[in-house]
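Chain by chain, the residues:
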Amino acid sequence: MDNSIANVNQTLQSRFFLLGLSTDPHLQVLGFLVFVVIYLIALLGNGLLLITVRISPKLHTPMYFFLSNLSFIDICFSSTVVPVILMNTVSADKSISRGSCISQMFFHLTVGSAECMLLAIMAYDRFVAICKPLHYNSIMNMRFCIILALTPWIIAFINSCIQVPITWRLPFCRSHHVNHLFCEVPAFLRLSCRDPWLNVVAMYVAAGTMALFSFLLTLISYVYIISTILKIRSSQGRHAVFSTCASHITVVTLYYGALLFNYLQPPSSHSLEIDNIVSVLYSAVTPMLNPIIYSIRNKDVKNCIIQKIKLK
């Protein structure tokens, strides 16, 4: 009898309970439908963008190479979060195993960090295209583009290899009930019965280095871009050049704003409800909006999609 109780306790200690959405059945149904729609739009939108870039020779340029990389990242990003939320919503058992939680946290952090840095690289690509048009093809050659595309993944992977293990070395004796929709580092730091100051410092250093460096690179790129645009005498020319950057500015504003808010605000000012909303915003909503924003604002993508539809 004592052994069976001990086994049950050990099993419970190896699982975590995601409190997730509201306990109200009607709100759960509504939330489930909303997340299904978000996930389907993210998969279909990013998938369509990937296919369009792949089959359209006109879009075989560095700009669309990075855009297709962003679409791939967004598919992965949504897939690390939304299925967990959906399963947690429909299932009576709100628990998740330690291994599953670690895996989900690792891949979510990796993909999210990679997207953060890729957006900065896309800003640099626009800087070279607008400010150094005569040297664009020589600077943004395929070899250099591949290196730029791989760099965020390598840095993000190394960051996750540091952040996730030190998070799971903490003793979670305070509670195994996580007031969050999925497994994310900040939510687990609040569960530790030991002061997680080292983890907080590591998180701030990593988030600050990657997010702020990416943000500064993006900001500097757009300072040069805007100064170049202002030198164009024709209003039509200014509008044409700026329209190629408008989509990226919109995406960067949404993503960096939510990411910096979630990872760089002081722990004392954290609101659990707001944290959930912000996490969903950059993990699920932004990947859904990205292909919509780029398709609506980008004439080349729209024209290629329309041409392919007409041919069929």
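Residues numbered from 1 in each chain as written. Predicted model: local features only at pLDDT ≥ 70, side-chain atom pairs only at ≥ 80, totals over all residues. Heavy atoms only, no water.

Heads up, the condition is: UniProt positions are given in the numbering used here, feature names are shortened, and annotations may be inferred rather than shown by experiment.
Per an unreviewed UniProt entry, the protein goes by Olfactory receptor and derives from Eleutherodactylus coqui. Per UniProt, the comment on the protein under Sequence similarities (unreviewed entry) is "Belongs to the G-protein coupled receptor 1 family." Within the UniProt record for the protein, the comment given under Subcellular location (unreviewed entry) is "Cell membrane".

1. Quick notes on helix α2 (residues 25–55)
Here is the rule: Put simply, DSSP H or I for four residues or longer makes a helix, DSSP E for two residues or longer makes a strand, and each gets a number counted from the N terminus. The span you would expect from a helix comes to 1.5 Å times its residue count less one. Exposure categories follow from relative accessible area, calculated using a 1.4 Å probe and restricted to protein chains: below 20% of the type maximum is buried, above 50% is exposed, and the middle band is partly exposed.
Its 31 residues place the ends of α2 45 Å apart at the C-alpha level, agreeing with the 45 Å of an ideal helix rising 1.5 Å per residue. Within the sequence span of α2, burial applies to Gln28, Gly31, Phe35, Ile38, Tyr39, Ala42, Asn46, Gly47, Leu49, Thr52 and Val53.

2. Quick word on the packing of helix α6 (residues 142–168) against helix α8 (residues 197–230)
This is how the line gets drawn: Axis definition: a line fitted to C-alpha atoms, limited for helices to the stretch in contact. Angles are taken between N-to-C directions and run from 0 to 180 degrees. For classification, angles of less than 35 degrees are called roughly parallel, those exceeding 145 degrees roughly antiparallel, those between 65 and 115 degrees roughly perpendicular, and all remaining angles oblique. The handedness criterion is simple: a crossing whose near helix is rotated anticlockwise from the far helix by less than a right angle is left-handed, and one whose near helix is rotated clockwise is right-handed. Any two residues whose heavy atoms approach within 4.5 Å are treated as being in contact. Only Asp, Glu, Lys and Arg are considered charged in this grouping, and only Ala, Val, Leu, Ile, Met, Phe, Trp, Tyr, Cys and Pro are considered nonpolar; every other residue, Gly among them, is considered polar.
Following both chains from N to C, one finds α6 and α8 inclined at 165°, their axes separated by 10 Å at the closest point. When the axes of α6 and α8 are compared, the pair comes out roughly antiparallel. Two packed elements cross with a definite hand, and for α6 against α8 that hand is left-handed. Only Asn199, Ala202, Met203, Ala206 and Met210 of α8 make contact with α6, whose side of the interface consists of Ile155, Asn159, Gln163, Ile166 and Thr167. Taken together, the residues that form the contact of α6 with α8 break down as 6 nonpolar, 4 polar and no charged.

3. Topic: the pairing of strand β1 (residues 15–18)
The test is simple: Here, a strand pair is defined by DSSP locating no fewer than two bridges between the strands.
A one-sided burial pattern is seen for β1, the buried positions being Phe16 and Leu18 and the unburied ones Arg15 and Phe17. Note that β1 and strand β2 (residues 95–97) share 3 bridges and pair antiparallel. When the bridges of β2 are listed, Phe17 appears paired with Ser95. Here 2 bridges tie β1 to strand β3 (residues 177–178), and the two strands are oriented parallel to one another. Its bridge partner being in β3, Phe17 is matched across the sheet by His177.

4. What about the state of the cysteines?
The condition that has to hold: Any cysteine sulfur atom paired with another within 2.5 Å is treated as part of a disulfide.
The tally for this structure, following the rule as stated, stands at 1 disulfide. The disulfide partner of Cys101 is Cys183, and the gap between their sulfur atoms is 1.8 Å. Between Cys101 and Cys183 the sulfur-sulfur dihedral comes to about -115°; the bridge is accordingly left-handed. Of this pair, Cys101 sits in helix α4 (residues 98–131) while Cys183 sits in the loop between β3 and α7 (185–189), placing them 82 residues apart in sequence. Both residues of the pair, Cys101 and Cys183, count as buried.

5. Details of the UniProt feature "transmembrane region" (unreviewed entry) in the protein
UniProt annotation of "transmembrane region" (unreviewed entry) refers to residues 29–51, 63–86, 106–124, 144–166, 201–227, 239–257 and 277–296 when read in the numbering used here. Here residues 29–51 runs as 100% helix and 0% strand, with 33 Å between its end C-alpha atoms. The straight-line gap between the two end C-alpha atoms of residues 201–227 is 37 Å; of that span, 100% is helix and 0% is strand.

6. Notes on the packing of aromatic side chains
Inclusion rule: Paired rings are identified among Phe, Tyr and Trp, the last through its six-membered ring, by centres lying within 6.5 Å, and are further divided according to the angle between planes into stacked (under 30 degrees), edge-to-face (over 60) and tilted (the rest).
Applying the stated rule across the entire model yields 15 aromatic pairs. Relative to Phe107, the ring of Phe106 has its centre 5.7 Å away and its plane inclined at 90°; by these criteria the two rings are edge-to-face. Through a chain of ring-to-ring contacts, the aromatic side chains of Phe16, Trp168, Phe172 and Phe188 assemble into a single cluster.

7. Side note on the side chain of Gln163
Looking at the element boundaries, Gln163 is found in helix α6. Setting aside chain neighbours within four positions, we find Gln163 in contact with Leu109, Ala202, Met203 and Ala206.

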